[in-house]
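Chain residues, written in single-letter form:
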Amino acid sequence: MADKLRLTVACGDYEIVRAIKEGTVKADGLDLVMLTGMGPRERHWRMARHSEFDICEANVGAYFMERDHGVALTSIPVFLHRRFRHGFLFVNAKAGIREPKDLIGKKVGGTNFQPASNIWMRGILEEEYGLPHRQVTWVVERSEDVAFTPPKNLRIEMVAPGKKLDVMLAEGEIPAMLSPEIPRLFLQGDKRIVRLFPNYKDIELAYFRKTGIFPIMHVTTIKQEIVDKYPWVPTNLVKAFEEAKNIAYRRIANPRMVPIAWVRTALEEQEEVLGADPWAYGLTPANRKNLETVLRYTHQQGMIGKMMPLDSLFADTDLGDAGGPDGI
């Protein structure tokens with residue numbers, strides 16, 4: 001029997017990949033080395049700068065940028081991380097910021113310009129709330145993962161050495177912060193920092209009901225050389241990820257598995273709003289709208305020079321009449 005193709009997979013330590021990591025699910029013909037110990041910043045940086053992994057969960061906007069730069073990558077339509085982001089815009093409680101338009105002409109802090117969370121929220125703030133992203137100065141604390149020359153009318157400033165954005169926000173040095181993570185001082189209960197949208201869950205529910213979008217943060221990239229040499233790999237990967245996700249759904253439906261008192265209530269609420277498969281894979285109509293929206297935001301925000309056809313960005317893994325892992 002021929003040896004299996006050994007590939008490294010860098011991704012988050014998610015419940016939806018547990019079955020692959022533990023070996024319960026195996027991708028046909030593949031020996032997957034699961035690297036789940038890195039945080040997203042390290043994983044994205046190492047892949048973008050050094051191409052260290054065969055398969056990598058990656059920031060969706062950064063992936064579009066790499067493709068725009070001609071990097072030999074493609075992606076499979078497996079989306080391991082989604083998140084609504086209205087709850088990640090924070091303001092100084094005394095800055096007088098009551099609505100997004102109040103940030104016109106102001107400074108807004110953030111880790112860097114490229115996080116998918118910030119791409120999504122800048123787009124939403126511009127499209128839904130009338131806050132043009134080029135009428136804000138974006139204050140960042142670290143360099144970008146993918147090389148990026150901002151357009152001349154896009155204002156990005158690097159924070160001074162030794163400064164911390166959450167401290168700057170709390171002390172009123174900046175009036176707002178848009179970040180992939182919740183500010184440390186806010187988590188510690190600092191009352192000087194508040195959410196701009198305190199009822200963010202209600203707003204996110206309304207956004208989903210209006211648009212049908214549960215924002216895709218990350219895609220799953222694969223080196224083009226692997227696809228060229230082994231064209232069967234993308235479909236076999238998708239089948240394995242799909243099977244692992246279905247196992248995770250069944251696992252969390254068991255209230256004995258998750259230490260949350262009202263987990264069943266949360267699941268029922270989620271299914272009522274988002275449906276039975278919120279983390280759906282594949283280029284479904286809903287996922288196409290999702291990806292086309294963030295692609296448009298990435299272009300509007302000056303990170304890619306042109307729009308690209310969605311089908312050119314993803315390997316063709318449509319199983320057609322063969323069905324998914326449960327098909328016959």
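These numbers were taken from a predicted model, which means no experiment stands behind them.

**Q** Sorry, what's going on with the overall build of the chain here?
**A** In terms of helices and strands, the chain carries 12 helices and 11 strands. Its C-alpha atoms give the chain principal-axis dimensions of about 65 × 45 × 35 Å. Within the chain, buried positions represent 50% of all 328 residues. Pairs at least 24 residues apart make up 78% of the contacts formed inside the chain by residues separated by at least 6 positions. For the chain, the accessible surface area stands at approximately 15900 Å², while carbon and sulfur atoms represent 52% of it. The centroid of the 44 positive side-chain charges in the chain is displaced by 5 Å from the centroid of its 43 negative side-chain charges.

**Q** It is not clear to me how the nonpolar core should be interpreted in this structure. Could you clarify?
**A** Considering soluble globular proteins, one finds that nonpolar side chains tend to be buried as a cluster. In terms of nonpolar packing, the biggest core is built from 82 residues, with Leu-32, Phe-64, Leu-237 and Phe-241 touching the most fellow members. It is helix α9 (residues 233–252) that provides the largest number of residues to this core, a total of seven residues. Membership of the second largest hydrophobic core comes to 11 residues, among which are Phe-90, Val-159, Ile-174 and Leu-185.

**Q** What is the right way to read the pattern of salt bridges from this model?
**A** It is possible for side chains of opposite charge to pair when their charged atoms get near one another. Within this structure, the stated rule accounts for 21 salt bridges. Residue Asp-13 pairs with Lys-21 through a salt bridge whose shortest N-O separation is 3.2 Å. Asp-13 gets classed as exposed once you look at its relative accessible area, which sits at 52%. With its nearest N and O atoms 3.3 Å apart, the salt bridge here joins Glu-57 to Arg-43. Of this pair, Glu-57 sits in strand β3 (residues 55–59) while Arg-43 sits in helix α2 (residues 40–50), and the two are 14 residues apart along the sequence. Arg-43 shares its class with Glu-57; the two are buried. Connected through shared salt-bridge partners, Glu-15, Arg-18, Glu-22 and Arg-251 make up one network.

**Q** Looking at this structure, I do not really get the packing of aromatic side chains. What am I missing?
**A** Here a ring pair, both rings aromatic, is described through the centre-centre distance and the interplanar angle of the planes. Enumeration over the complete set of coordinates arrives at 12 aromatic pairs. The interplanar angle of 70 degrees and the centroid separation of 6.4 Å between the aromatic rings of Phe-113 and Trp-138 together place this pair among those described as edge-to-face. Taken as a pair, Phe-113 in the loop between β6 (107–110) and α4 (116–129) and Trp-138 in strand β7 (residues 137–140) lie far apart in primary sequence, 25 residues in all. Using a relative accessible area of 1% as the deciding quantity, one classes Phe-113 as buried.

**Q** Would you mind showing me how to read helix α11 (residues 285–300) here?
**A** Since the α-helix advances by 3.6 residues per turn, residues separated by three or four positions end up pointing in the same direction. Helix length check: α11, at 16 residues, gives a terminal C-alpha distance of 22 Å against a target of 22 Å (1.5 Å per residue), a fit within 8%. Residues of α11 that are buried include every one of Asn-287, Asn-290, Leu-291, Thr-293, Val-294, Leu-295, Tyr-297 and Thr-298, and no others. Buried residues belonging to α11 abut α3 (60–68), α4, β11 (218–223) and α12 (310–313). Following α11 by one or two positions, Gly-302 adopts a phi angle in the positive range, close to 80 degrees.

**Q** Explanation requested: the confidence of the model for the chain in the structure shown.
**A** Reading predicted coordinates in detail is not appropriate for stretches of low pLDDT. When pLDDT is averaged along the chain, the result is 94, and 96% of the positions lie at 70 or above. The model gives residues 320–328 a pLDDT under 50, and that stretch makes seven contacts with residues more than four places away or in other chains.

**Q** I'm lost on the pairing of strand β4 (residues 73–76) in this one. Help?
**A** On any regular strand, side chains alternate: one points to one face of the sheet, the next to the other face. Covered by surrounding structure in β4 are Leu-73 and Ser-75 together with Thr-74 and Ile-76, the residues of both alternating faces. Of the pairings in the sheet, the one linking β4 to β11 comprises four bridges and is antiparallel in character. Within the sheet, the bridge partner assigned to Leu-73 lies in β11 and is Lys-223.

**Q** Honestly, the environment of Ala-48 in this entry has me stumped. Any pointers?
**A** Its place among the elements puts Ala-48 in helix α2. For Ala-48, a relative accessible area of 28% translates into the label partly exposed. It is 31 Å that separates the C-alpha atoms of Ala-48 and Val-91, two residues lying 43 residues apart in sequence. Filtering out sequence-adjacent residues up to four positions away, Ala-48 remains in contact with Glu-66, Asp-145 and Val-146.

**Q** When you look at the packing of α4 against helix α7 (residues 200–211) in this model, what are you seeing that I'm missing?
**A** A pair of packed helices is captured by two measures, namely the crossing angle of their axes and the spacing between those axes. Viewed as axis vectors pointing N to C, α4 and α7 meet at an angle of 75 degrees, and their least axial separation amounts to 14 Å. One finds that α4 runs roughly perpendicular with respect to α7. The segment α4 lies against α7, with Trp-120, Ile-124, Glu-128 and Tyr-129 engaging Ile-203, Tyr-207 and Lys-210. Classifying every residue of the contact of α4 with α7 by side-chain character gives five nonpolar, no polar and two charged.

What counts, and where the lines are drawn
- Residues numbered from 1 in each chain as written.
- Predicted model: local features only at pLDDT ≥ 70, side-chain atom pairs only at ≥ 80, totals over all residues.
- Heavy atoms only, no water.
- Helix = DSSP H or I, 4+ residues; strand = E, 2+ residues; numbered from the N terminus.
- Buried < 20%, exposed > 50% of the residue type's maximum accessible area, 1.4 Å probe, protein only.
- Contact = heavy atoms within 4.5 Å.
- Areas by Shrake-Rupley, 256 points an atom, 1.4 Å probe, with all protein chains shown as cover.
- Lys, Arg positive; Asp, Glu negative; His and termini not counted.
- Charge placed at Lys NZ, Arg CZ, Asp CG, Glu CD.
- Core = buried A, V, L, I, M, F, W, Y, C linked by side-chain atoms within 4.5 Å.
- Salt bridge = Lys/Arg side-chain N within 4 Å of Asp/Glu carboxyl O.
- Phe/Tyr/Trp six-rings, centres within 6.5 Å; stacked < 30°, edge-to-face > 60°.
- Expected span 1.5 Å × (residues − 1).
- pLDDT = per-residue confidence, 0-100.
- Pairing = 2+ DSSP bridges.
- Axes fitted to C-alpha atoms, helices over the stretch in contact; angles between N-to-C directions.
- Parallel < 35°, antiparallel > 145°, perpendicular 65-115°, else oblique.
- Nonpolar A, V, L, I, M, F, W, Y, C, P; charged D, E, K, R; others polar.

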